[in-house]
Amino acid sequence: MAQNFTINAQHLLEKVSGGQYDVDTTSYIASKNEDSFKAGFPDSLIIHYTAGRSGESSARHLAKDEVKASAHLVIDQSGKVYQVVPFNKKSWHAGRSSYNGRKYYNHFSIGIEVDNAGVLTQSGAEFVSWFGKRYKADEAVRAVHRNENTARYWHIYTEEQIAVCEEISALLVAHYGMKEILGHEEISPGRKSDPGPAFPLDKLRDDIFSRDRAIEESDLPEKGVISASKLNIRAMPQSGAEKVAKPIPKGREVSILEERDGWYRVSTRVEGWVSKDFVNTK
Ligand SMILES: [Zn+2]
């Protein structure tokens, strides 16, 4: 196995955009993944969280021969990218999976792991991951997972890693003509919870695929500022729907994703519905 398979995002992006992505990345590769994609694939992108301690430790783990899992990329909290498997080879990130009648997404998809601890448990004023690392209150967000009914605490993602993930995702979608970006939680519901509600998955999809819909959605403002002192954010566009997180404070800027019946679906640290009357878009 290569000793140093760290690459920076820019290096990777140049390779992807220049079409050289599968030629000279061999020093970064775990030798266990030698199965190439069939023609026409990959055509999908799957987003994961590592549920690990650091991006580097997760990348090194996924590259081990004896570990029966892998992924193409790992993005750490600073936005640094580790390539574990080249894009023209299959990696073992999806496992048992199915969506829209299609099964075994490892055959069709690129897997991106975003370094994140996943579910956190409250412990006094702090939060603890499954592997025992402690996190401060501002590193946790209480939110309802799309496959669940009640709120739990989740480790927040950094702006840097979200930005790098979006940049790479957009390049991969454009390069391969991909039609879908899915969360592991959507292709393996019940078995997997990643990337979870702290990751702006719907916003990522909207940002990358919305270019086609830009004209019909041109009336929807892109950003808004919360004007109520504390604005409830809910799972559905209804006043009785479950709150997905703590209220959004006045003055917070949010991205507006969708409008329905007097409500906006917005993205801040989580995604959810807020009453449009309290979002200033001017
Ligand atoms: Zn996963």
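Refer to the structure presented above.
Residues numbered from 1 in each chain as written. Predicted model: local features only at pLDDT ≥ 70, side-chain atom pairs only at ≥ 80, totals over all residues. Heavy atoms only, no water.

S.K.: Help me understand the pairing of strand E8 (residues 119–123), please; the structure alone is not making it clear to me.
M.R.: Pairing geometry for E8 and strand E12 (residues 151–155), over two bridges, is antiparallel. The residue of E12 that forms the bridge with Leu120 is Tyr153. Pairing analysis gives three bridges linking E8 to strand E9 (residues 126–128), with the strands arranged antiparallel. When the sheet's bridge partners are listed, Thr121 is paired in E9 with Val128. Here E8 hands over to E9 after two residues, with Gly124 in that stretch at a positive phi of 65°. (Pairing = 2+ DSSP bridges. Helix = DSSP H or I, 4+ residues; strand = E, 2+ residues; numbered from the N terminus.)

S.K.: Please explain the packing of aromatic side chains as it appears in this structure.
M.R.: The relative placement of two aromatic rings is captured by the distance of their centres and the angle of their planes. Per the stated rule, a full pass over the model turns up five aromatic pairs. Ring centres of Phe41 and Phe108 lie 5.3 Å apart, and the angle between their planes is 55°; on these two criteria the pair is classed as tilted. Of the two residues, Phe41 is situated in the loop between helix H1 (9–17) and strand E2 (44–49) and Phe108 in the loop between strand E6 (102–103) and strand E7 (109–114); the sequence distance between them amounts to 67 residues. We classify Phe41 as partly exposed; its relative accessible area is 29%. Relative to Phe131, the ring of Trp130 has its centre 5.4 Å away and its plane inclined at 90°; by these criteria the two rings are edge-to-face. For Trp130, a relative accessible area of 65% puts it in the exposed group. (Phe/Tyr/Trp six-rings, centres within 6.5 Å; stacked < 30°, edge-to-face > 60°. Buried < 20%, exposed > 50% of the residue type's maximum accessible area, 1.4 Å probe, protein only.)

S.K.: It is not clear to me how the coordination of the zinc ion should be interpreted in this structure. Could you clarify?
M.R.: At the metal site, the zinc ion is ligated by His48 (ND1), His184 (ND1) and Asp194 (OD), and these contacts range over 2.0 to 2.1 Å. In primary sequence terms, the donor set of the zinc ion follows H-x135-H-x9-D. Of this pair, His48 sits in strand E2 while Asp194 sits in the loop between helix H4 (184–187) and helix H5 (201–209); the two residues are 146 residues apart in sequence, bridging distant segments of the chain. Accessibility classification places His48 together with Asp194 in one group, the buried group. (Donors = N, O, S within 2.8 Å, 3.2 Å for Na, K, Ca; no water.)

S.K.: Help me understand the nonpolar core in this model?
M.R.: One broad rule of soluble globular proteins: the nonpolar side chains tend to lie buried together. The biggest cluster of nonpolar side chains holds 48 residues, and the ones touching the most others in it are Ile47, Ile112, Leu172 and Ile181. For this core, the leading source of residues is helix H3 (residues 159–176), giving six residues. Both domains that meet at this core, namely domain 1 (6–117 + 157–211) and domain 2 (219–280), each give it at least three residues. Formed by eight residues, the second largest nonpolar core is a distinct cluster that contains Ala59, Ala63, Val74 and Tyr82. (Core = buried A, V, L, I, M, F, W, Y, C linked by side-chain atoms within 4.5 Å. Domains from an automatic or database assignment.)

S.K.: Any chance you could explain H3 here in plain terms?
M.R.: Residue pairs three or four apart in sequence face the same way in an α-helix, which turns once every 3.6 residues. Under the 1.5 Å per step criterion, the end-to-end length of H3 is 26 Å for 18 residues, consistent within 8% with the ideal 26 Å. All of the buried residues along H3 are Gln161, Val164, Cys165, Ile168, Ser169, Leu172, Val173 and Tyr176. Projection of H3 onto a plane perpendicular to its axis shows the buried side chains occupying an angular sector of 160°, all on one side. The outward face of H3, more than 90 degrees from its buried face, is lined by the exposed residues Glu159 and Ala174. (Expected span 1.5 Å × (residues − 1). Arc of directions from axis to C-beta.)

S.K.: Explanation requested: the sheet that holds strand E19 (residues 271–275) in the structure shown.
M.R.: In sheet architecture, strand pairing relies on hydrogen bonds along the backbone and comes in two forms, parallel and antiparallel. On the basis of which strands lie adjacent, the open sheet formed by five strands has the order E19-E18-E17-E14-E20 and antiparallel pairing. Edge positions in the sheet fall to E19 and strand E20 (279–280), since each of these pairs with one other strand and no more.

S.K.: Before we go on, may I ask you to explain the pattern of salt bridges in this structure?
M.R.: Pairs may arise between side chains of opposite charge once their charged atoms sit close together. For the structure on display, the rule yields 18 salt bridges. Between Glu258 and Arg265 there is a salt bridge whose closest N-O contact spans 2.8 Å. Judged by its relative accessible area of 12%, Arg265 is buried. Its salt-bridge partner being Glu259, residue Lys276 comes within 2.7 Å of it at the nearest N-O pair. With Lys276 in the loop between E19 and E20 and Glu259 in strand E17 (residues 253–260), this residue pair connects regions lying 17 residues apart in the sequence. You can call Lys276 partly exposed: its relative accessible area is 29%. A relative accessible area of 40% means that Glu259 is categorised as partly exposed. Shared partners join several salt bridges into a network, and the residues in it are Arg146, Glu185, Glu186, Asp202, Arg205, Asp206, Glu258, Arg260, Arg265 and Glu271. (Salt bridge = Lys/Arg side-chain N within 4 Å of Asp/Glu carboxyl O.)

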